[in-house]
Amino acid sequence: MNSNSKRREDYHKKRSSLNLHRNLALAAPSKVFKGSVCARIVGILLVLCVSFGLAWAAHMYFALHSAIDGNGGNYATSARIANKQPISVLILGVDQGLEGRHDKGNSDTIILATANPSKNKATMTSIPRDTLANILGDPGNKYNMFRVNSAYGVGGSSASMRTVSALIGVPIHYYVEVNMKALKSLVNAVGGVDVKVPFSFSYDWCDFHKGKQHLNGRHAVAYVRMRHDDPRGDYGRQMRQRQVITAVVHKAISVDSIANYRKLVNIFSKYVKTNLTFNDMLALALTYRGCSENIASGYIQGHDAWINGSSIQVASTQQLQKASDKIRANLDLEKKVLDNDETKLNKLNEQNNHIKWKDPNPFTNYQIYHSVVTDETNNNSTGNTGGNNTTGQ
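Only a predicted model underlies this, so the values are computations on that prediction, with no experimental measurement involved. (Residues numbered from 1 in each chain as written. Predicted model: local features only at pLDDT ≥ 70, side-chain atom pairs only at ≥ 80, totals over all residues. Heavy atoms only, no water.)

1. Observations regarding the overall build of the chain
Point 1. Per the secondary structure count, the chain includes 11 helices and 16 strands.
Point 2. Expressed as a percentage of the 393 residues in the chain, the buried residues total 45%.
Point 3. Residue pairs in contact within the chain that sit at least 24 positions apart in sequence constitute 65% of those at least 6 positions apart.
Point 4. Accessible surface computed for the chain: about 21,100 Å², of which carbon and sulfur atoms make up 55%. (Helix = DSSP H or I, 4+ residues; strand = E, 2+ residues; numbered from the N terminus. Buried < 20%, exposed > 50% of the residue type's maximum accessible area, 1.4 Å probe, protein only. Contact = heavy atoms within 4.5 Å. Areas by Shrake-Rupley, 256 points an atom, 1.4 Å probe, with all protein chains shown as cover.)

2. Quick notes on unusual backbone geometry
Point 1. For asparagine 120, which is not glycine, the phi dihedral falls at a positive 50 degrees.
Point 2. Following the sequence through the fold, asparagine 120 ends up in the loop between β2 (107-116) and β3 (121-126).
Point 3. Overall, the relative accessible area of 38% leaves asparagine 120 in the partly exposed class.
Point 4. In this structure, histidine 354 takes a positive phi of about 55 degrees despite not being glycine.

3. What to know about empty space enclosed by the protein
Point 1. Evaluated as defined, the whole model comprises three cavities of 30 Å³ or more.
Point 2. Empty space within the largest cavity amounts to approximately 50 Å³.
Point 3. In terms of lining, the largest cavity is formed by Thr131, Leu132, Leu167, Val314, Ala315, Leu320, Glu342, Leu345, Asn346 and Tyr366.
Point 4. Listing elements by their share of the lining of the largest cavity, those giving two or more residues are β14 (310-315) and α10 (341-352). (1 Å grid on protein atoms, 1.4 Å probe; cavity = no way out; pocket = protein on both sides within 12 Å on 5 of 7 lines; lining within 4 Å. Points joined across faces, edges and corners; volume = space filled by probe spheres on them.)

4. Some remarks on the sheet that holds strand β1 (residues 87-94)
Point 1. Taking strand neighbours across the sheet as the criterion, the six strands line up as β11-β6-β1-β2-β3-β12 in an open arrangement whose pairing is mixed. Each having just a single partner strand, β11 (272-274) and β12 (295-299) make up the two edges of the open sheet. The sheet shows a mean angle of 15 degrees between the axes of neighbouring strands, direction not considered.
Point 2. With five bridges joining them, β3 and β12 adopt parallel strand pairing. Bridge pairing in β12 links serine 126 to tyrosine 299. (Pairing = 2+ DSSP bridges. Axes fitted to C-alpha atoms, helices over the stretch in contact; angles between N-to-C directions.)

5. Topic: the pairing of strand β7 (residues 193-197)
Point 1. Side chains Val193, Val195 and Val197 of β7 all project onto a buried face; the interleaved residues Asp194 and Lys196 project onto a face where none is buried.
Point 2. One ladder, built from five bridges, connects β7 with strand β10 (residues 211-215); its direction is antiparallel. Directly across from valine 193, in β10, lies its bridge partner leucine 215.

6. Regarding helix α4 (residues 182-189)
Point 1. Along α4, the positions that sit buried rather than exposed are Ala182, Leu183, Val187 and Ala189. Each buried residue of α4 sits inside an arc of 160 degrees when the element is viewed along its axis, so together they form one side.
Point 2. One or two positions beyond α4, positive phi appears at glycine 191, with a value near 85 degrees. (Arc of directions from axis to C-beta.)

7. Considering the pattern of salt bridges
Point 1. The full count for this structure, using the stated rule, is five salt bridges.
Point 2. With its nearest N and O atoms 3.3 Å apart, the salt bridge here joins lysine 119 to aspartate 332. On the criterion of sequence distance, the pair formed by lysine 119 in the loop between β2 and β3 and aspartate 332 in the loop between α9 (317-330) and α10 is long-range, its members being 213 residues apart.
Point 3. By relative accessible area, lysine 119 is classed as partly exposed at 42%.
Point 4. Using a relative accessible area of 45% as the deciding quantity, one classes aspartate 332 as partly exposed.
Point 5. For arginine 129, the salt bridge goes to aspartate 130, with nearest N and O atoms at 4.0 Å.
Point 6. Judged by its relative accessible area of 12%, arginine 129 is buried.
Point 7. Through salt bridges with shared partners, one network takes in Arg129, Asp130 and Arg147. (Salt bridge = Lys/Arg side-chain N within 4 Å of Asp/Glu carboxyl O.)

8. Side note on the confidence of the model for the chain
Point 1. Chain-level pLDDT for the chain is 78 on average; 69% of the residues reach the 70-or-more range.
Point 2. When the elements of the chain are averaged for pLDDT, strand β15 (residues 382-385) gives the smallest value, 36, and α9 the largest, 97.
Point 3. Of the regions scoring below 50 in pLDDT, residues 15-33 engages in zero contacts with residues more than four places distant in sequence or in other chains. (pLDDT = per-residue confidence, 0-100.)

9. Quick word on the side chain of aspartate 234
Point 1. Following the sequence through the fold, aspartate 234 ends up in helix α6 (residues 234-252).
Point 2. For aspartate 234, a relative accessible area of 13% puts it in the buried group.
Point 3. Of the polar contacts made by the side chain of aspartate 234, one reaches the side chain of arginine 237; its length is 3.0 Å.
Point 4. In this view, aspartate 234 contacts Pro128, Arg129 and Arg227; residues no more than four positions away in its chain are not counted. (Polar contact = N/O pair within 3.5 Å; in protein donor to acceptor, adjacent residues only side chain to side chain.)

10. As for the packing of aromatic side chains
Point 1. As enumerated under the stated definition, the model contains seven aromatic pairs in all.
Point 2. Taken together, a centroid distance of 5.3 Å and an interplanar angle of 45 degrees make the contact between phenylalanine 199 and phenylalanine 201 tilted. For the pair phenylalanine 199 and phenylalanine 201, one class covers both residues: buried.
Point 3. Relative to phenylalanine 363, the ring of tryptophan 357 has its centre 5.4 Å away and its plane inclined at 75 degrees; by these criteria the two rings are edge-to-face.
Point 4. Residue classification places tryptophan 357 among the partly exposed positions, given a relative accessible area of 24%.
Point 5. One aromatic cluster is present, formed by Phe199, Phe201, Phe208 and Tyr223 through successive ring pairs.
Point 6. In this structure, arginine 240 is placed above the aromatic ring of tyrosine 223, and the distance from its NZ or CZ to the ring centre is 5.8 Å. (Phe/Tyr/Trp six-rings, centres within 6.5 Å; stacked < 30°, edge-to-face > 60°. Lys NZ or Arg CZ within 6 Å of the ring centre and 35° of its normal.)

See the structure below:
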């Protein structure tokens, strides 16, 4: 290669290098401009994501709102919940449509729950469905002494609230009525629940093993319905009902259940009735949720009795008073000595028929003194505050 060729090659390399630097220098403003475009695109995407998120949240809010309150319902938060006062809720599991039934049905599950946000404490008290009680309907109406679960057939949730309130002498502010057909779908909607099975058993083609077990909807229904093979009978079933209800509550308020809100809305609108508004439930979820971490669970123990050919559970005055004291304490109410139709009947049977509560044999001489059941009890059992159905004193 001659010297001229070499010089030309060096010149072209130098020129190319200069042009490259010059082009890069000229392109610098364009690079800044491209970065600005990218930032704008990212910003727009973020705005869209937030907008879609807000739209989805709004859709979920109004869907739940409509399912719970219905069209034209009362949306306001009740004063009691807005002021973070203790509340009581009667939970009724209605058996309508199960086992071939097509009538109104009875409330085979009766649980009175309380929540006190200042104490971060809740109680769940099961009331055996066969407990003897004065069945109260509309004010002024007089019914018979019979099983407490028959109150629902007389006057729905309202009659159940009045009857239970008079039975244990506590105010009942709200109710949640659940058709038991919903349990399967509800448990599935929250992804199943974990329970501690007390003993191994099989029921309705479902097997349960002692210890911790995850239940889907079908197994949950079988788990809470089995009674005859439980050594504790209906009391064992009540315990299992409280287990499943507690587990469902914990799962329903968890974040990972929000994705299934459509299923929950459909189930709620179809199978659940309540006098709690949507805003009530929203406030409960935000300000009362700490109570779910400290739940004192219990039940009213009855004594077997045969009355007029019917198998009945008769609760002693001591058992009723114990439940009343526990519930009133969590409602920040003073203790109140029970003096109702049930305690009066107990006293008369102890005096006249020599009933012994420690006798393990079923009572066969427990009598209903109808003169004890007065209209005065019906008239004094109901009160209303703040537009909500508040029952009791």
